Amino acid sequence: MEFLQPPGWVRPRGYSNGVAASGRTVCVSGMIGWDGEGVFHTDDFAGQVRQALLNVVAVLAEAGARPEHIVRMTWYVLDKKEYVGAYKEVGAAYREVIGLHFPAMTAVQVAGLVEDRARVEIEVTAVVADA
């Protein structure tokens, strides 16, 4: 995996400008803040992020992948201000579940998510290097 940082560009915080990788591609559908039984345990934004990330890791594991194989994440949030206001807590949850791995990321504010109680949905692409 190669993290792409053009010369002279300011280094981004919490994500990478780009990632080049080769191997087996693993695509994870948008994960939200409910558990494996489809139950929400919190309406707290950072709490839902933590659960969504745990869900991502569980799906990756089914393919023999780990968080460090993630090359791209797309975050869909209902409220940009809620997301920005929770940066500290979101960062702590991210580091706890994903670690210090920062793939290419995009965050988009959307008008709604399919599950009414969801505050965030996280979609992931991972690449597991060929053995």
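Residues numbered from 1 in each chain as written. Predicted model: local features only at pLDDT ≥ 70, side-chain atom pairs only at ≥ 80, totals over all residues. Heavy atoms only, no water.

Caption draft 1: Spotlight on the nonpolar core. Counting 27 residues, the largest nonpolar core has F45, V49, L53, L60, M73, W75 and I122 as the members making the most contacts within it. For this core, the secondary-structure elements that each account for two or more residues are β3 (24–31), α1 (45–62), β4 (70–77), α3 (87–97) and β6 (120–128). A per-element tally of this core places α1 first, with seven residues. In contact with F45, other than residues within four places in its own chain, are V77, E82, Y83, A86, V90, R119 and V120. (Core = buried A, V, L, I, M, F, W, Y, C linked by side-chain atoms within 4.5 Å. Buried < 20%, exposed > 50% of the residue type's maximum accessible area, 1.4 Å probe, protein only. Helix = DSSP H or I, 4+ residues; strand = E, 2+ residues; numbered from the N terminus. Contact = heavy atoms within 4.5 Å.)

Caption draft 2: Summary view of the packing of α1 against α3. The interhelical angle for the contact between α1 and α3, taken along N-to-C directions, is 20°, at an axis separation of 9 Å. Classed by the angle they form, the pair α1 and α3 counts as roughly parallel. Crossing handedness for the pair α1 and α3: right-handed. Of the residues in α3, those in contact with F45, A46, V49, R50, L53, L54 and V57 of α1 are E89, V90, A93, Y94, E96 and V97. (Axes fitted to C-alpha atoms, helices over the stretch in contact; angles between N-to-C directions. Parallel < 35°, antiparallel > 145°, perpendicular 65-115°, else oblique. Left-handed = near helix turned anticlockwise from the far one by under 90°.)

Caption draft 3: Here's a closer look at the layout of surface pockets. When its volume is computed, the largest pocket comes out at roughly 510 Å³. Contributing to the lining of the largest pocket are 15 residues, with R13, G14, Y83, Y87 and G91 lying nearest its centre. Secondary-structure elements contributing two or more residues to the lining of the largest pocket are α3 and β5 (104–109). Here the lining of the largest pocket gets six residues from one element, more than from any other, and that element is α3. (1 Å grid on protein atoms, 1.4 Å probe; cavity = no way out; pocket = protein on both sides within 12 Å on 5 of 7 lines; lining within 4 Å. Points joined across faces, edges and corners; volume = space filled by probe spheres on them.)

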